[in-house]
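Examination of the molecular architecture
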Amino acid sequence: MAEQAIPAAPVTPEERAQGGVPTWKRVLRYTVVRMVMLFFTVIVGVYLTILIANMGGQVDEIRRAFIREMVGNMLANNPTFRALPPEERQKRMEAEILRWEKRYGLDQPFLVRSFRFLKDAMTLRLGRAENMTSDSGSRRVRLIILERLPPTLFLFGTSALMVFALSLFISLFLSRNYGHWLDRMFVSLSPLSSAPGWFYGLFLITIFAAWLKVLPFGGMISTPPPETPWEYTLSLLKHLILPISAQVLSSLFIGVYSWRTFFLIYSSEDYVEIAKAKGLPSRTIERRYILRPTLPTIITSFALTLIGVWTGQIIFETIFDWPGLGRTFYQATLVYDTAVIVGITVLYAYLLAITVFLLDIIYAIVDPRVDVGGPRTST
Amino acid sequence: MLRSAWGEIRYYPSAILGLTVILIFVAISIYTIITIPYPEAIRLWRGGEEVWGDNPRLAAPEWVNYFRQKKLPTTIKMLSTDPGVERVKEQIDDNIWIEDTVYTFEYTADDFPQDLAVTLLATFEKKPPYVSIILVRPDGQEINLGDLSVRGQRQVFLVSQADRLRQKLQLDYNQEIIAGLFAKDPAAEEMEVLKGTYKVRVEGTLFEDESTLSSKMVVYGKVYGWAGTDHLRRDLRIALLWGAPIALTFGLLAALGTTLLSMTIAAIGVWFGGWVDGIIQRITEVNMVLPVLPILIMIGISISRSLAVMLLAIVALSIFGASIKTNRAIFLQVKSLPYIEAARAYGASDLRIVFLYMIPRIIPTVIPSLVLGIPSFVFLEASLAVLGLGDPSLPTWGKVIDDARVNGALLQGHFYWMLEPSLALMITGVAFAMLGFSLDRIFNPRLREL
């Protein structure tokens, strides 16, 4: 997987010749093997999540108890039922409970159902939520996820891209001006990144919302929502300031620090020295000799950032009361809504697998040192 | 190598600063565990009115007065048995005794107290004692706060609950009764505190020879201790102090467990290679797909929220993380070094090679990530607490943050409640990060000159 970023051992032409297989066949075989492997990984991961989300079948007991209570209440309010003799009532009740359990699929053992869940999840038939609804009132997990996804993508996409671009540019600037006071400042501020984003969120909310009262505590839009599109955008932007600042505060310094160190290591390579000695302009050196070899790493980091955007962050969204996927996930775990939990996990697992797969291929394109499917490449 | 590295630390000011802060926290932890032993801490933190009844509710720390023009009052607490309290008892009739207790105190703060409480304790056989509580203000005005017969063993009279006084003082429904009692002019738009000597007279009438009456008077202030109190009148000091050992232990155990186990597993995988390595690789990939925090939340909700269970779960979920990949890459290089070949040649066993030759080799590279891992686990614990999944009995920093959030500390302006535990967390995290970054530079020579 990602360790492909570490250049595989160089393969000599002789070794290659020994393989005796045409390149396209090797590439194809590698691609297929990799795909099968990743698919298998996703299956195992999703199945584990199904097991954990159902607590190995324990949630069924909760459901049974719930059905028993519900049926009991329903029948107790039924006058014809109350008129029946006790034995008859007991029999009726048991029959009714059985009917409901069948409806929920509880008549089959959990193990059997867990595989059915797995099949449904893998084919993205996400089914219906048990307790949660979307804001429009639907119980379909797909709709719930689709409804909550845009806010998450919007918030974390904006902040992730901002952090990524800012840290890349600042670090390039710093690696060019090694020893500058700004460089020292960023290095000494990097420990600040040990605190997560939600933590800075708390601080920012304390200062700007509670104390200065200039920005909202949380949420995505003010209530009631403004009428005109212009005011709507303004309100949205106002609600975005604090969460984005919190994200930037918590991840910018460490990002700049690690990119800067990374670029500095690459700019101390011999070929950079030679390029300098040749008198090439520093822009060209940067583009051709520093950014080129670091491209795979930059792409990995960018791809992983993008995956992170999809899941959102449970606590961050809870703190800022942001109506996104992370908070939905948390709410789902609180009410044991396994369908929603599994649905979000499946989506995430698929995205991760696809990204990793694409990364493998992109590496082969941008980094000639990676030899796809060569005899020595072992994963 | 390790020894020389420790010697080198002194050239890194940030490492020294970080280390000093960590040592201070360790010292605080030891002090806390000795002065407030664990059962005592639980008793205090879980205790109710009987432990904290005399503390003001939601009081800011005392040091806020240094930054304020209008000084906030501290709590005044007096018992009827205290030396400064006048107590007169005389018999006025066959079966009637009068017992007066007068509490005298100076009130000099610029703000009104939070509340005034008189707790009465009586013993009697048939006829309960009858009590009138009277406030004598510095301007000589006497206000009868209330009359009651002490029927129970222990009875508490609270000014804030005596609504009758509101009419008597002609206060609006949104004005506090206690402010009316301590104001220069209760009818004024902006009430001002009347400073001076106040007296609270508890006039008891007893109807039995054996009957006794004792009392306690508390004028609740608005500041308390160096940490302040929370919504349950608990002294936040306990939670802040106990948060230190818990955070340090939790972070250290989790980081150590994760680092050591993943290092060992990576070494075993690399050494034995083949299917062992394959399985470890596959598990790592599956683990990448699993959502860690949601699983922890589910465990917290369904199995147990105790810190020990969470610790085990966190370690189990993070062993097969990204670190196994980096360790594996290093071990692959180590495996092909000549000294390993030499060990093999003289017939060293597999386990000997893994544990005595391979693992010690990479310890220097692992130490920085271990130190850097500690704050992330400390914050993970706080995250769980903020989601309401903190340990049910232990007081931790994260739980204080959660309490403050849930009870609207920010909306009501009780900033100290939120900021104290946050700062403690922040300082701990930054200290470990500073040390970790410096160690990283020391142990990874490639970074050294950068």
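This structure is a prediction, so every number in the text was calculated from the model and none was measured.

Residues and elements named next belong to chain B. Reading across from one edge, S2-S3-S8-S5-S6 is the order of the five strands in this open sheet, with antiparallel pairing throughout. Two strands bound the open sheet, and with one partner strand each, they are strand S2 (86-93) and strand S6 (142-149). The average undirected angle you get between the axes of adjacent strands in this sheet is 15 degrees. Here seven bridges tie S2 to strand S3 (residues 96-107), and the two strands are oriented antiparallel to one another. The residue of S3 that forms the bridge with Lys-89 is Glu-99.

All names here are of chain A. Taken domain by domain, chain A consists of domain 1 (23-138) and domain 2 (148-335 + 360-366). Placing a centre on the C-alpha atoms of domain 1 and another on those of domain 2 gives a separation of 39 Å. Opposite the six residues of domain 1 that make contact, domain 2 presents six residues. Carbon and sulfur atoms make up 54% of the area that domain 1 and domain 2 hide from each other, which totals about 480 Å². Here domain 1 and domain 2 share zero salt bridges between them. Applying the counting rule to domain 1 against domain 2 returns zero residue pairs in polar contact (both at pLDDT 80 or more). The residue makeup of the side of domain 1 that touches domain 2, split by class, is two nonpolar, two polar and two charged.

Moving on to the domain arrangement of chain B. Domain annotation of chain B identifies domain 1 (2-45 + 235-449) and domain 2 (70-220). Each of domain 1 of chain B and domain 2 of chain B has a C-alpha centre, and these two points are 54 Å apart.

What follows covers a positive patch on the surface. Residue and element names in this part refer to chain A. A surface patch of like charges, here positive, comprises Arg-128, Arg-139, Arg-140 and Arg-142. Looking at the element boundaries, Arg-139 is found in the loop between helix H6 (110-122) and helix H7 (141-176). By relative accessible area, Arg-139 is classed as partly exposed at 33%.

Reading the values: the criteria
Residues numbered from 1 in each chain as written. Chains lettered and ligands numbered in written order. Predicted model: local features only at pLDDT ≥ 70, side-chain atom pairs only at ≥ 80, totals over all residues. Heavy atoms only, no water. Pairing = 2+ DSSP bridges. Helix = DSSP H or I, 4+ residues; strand = E, 2+ residues; numbered from the N terminus. Axes fitted to C-alpha atoms, helices over the stretch in contact; angles between N-to-C directions. Domains from an automatic or database assignment. Contact = heavy atoms within 4.5 Å. Buried area = accessible area lost by both parts, 1.4 Å probe. Salt bridge = Lys/Arg side-chain N within 4 Å of Asp/Glu carboxyl O. Polar contact = N/O pair within 3.5 Å; in protein donor to acceptor, adjacent residues only side chain to side chain. Nonpolar A, V, L, I, M, F, W, Y, C, P; charged D, E, K, R; others polar. Patch = residues over 30% accessible without salt bridge, like charges linked within 9 Å, V, L, I, M, F, W, Y side chains within 5 Å. Areas by Shrake-Rupley, 256 points an atom, 1.4 Å probe, with all protein chains shown as cover. Lys, Arg positive; Asp, Glu negative; His and termini not counted. Charge placed at Lys NZ, Arg CZ, Asp CG, Glu CD. Buried < 20%, exposed > 50% of the residue type's maximum accessible area, 1.4 Å probe, protein only.

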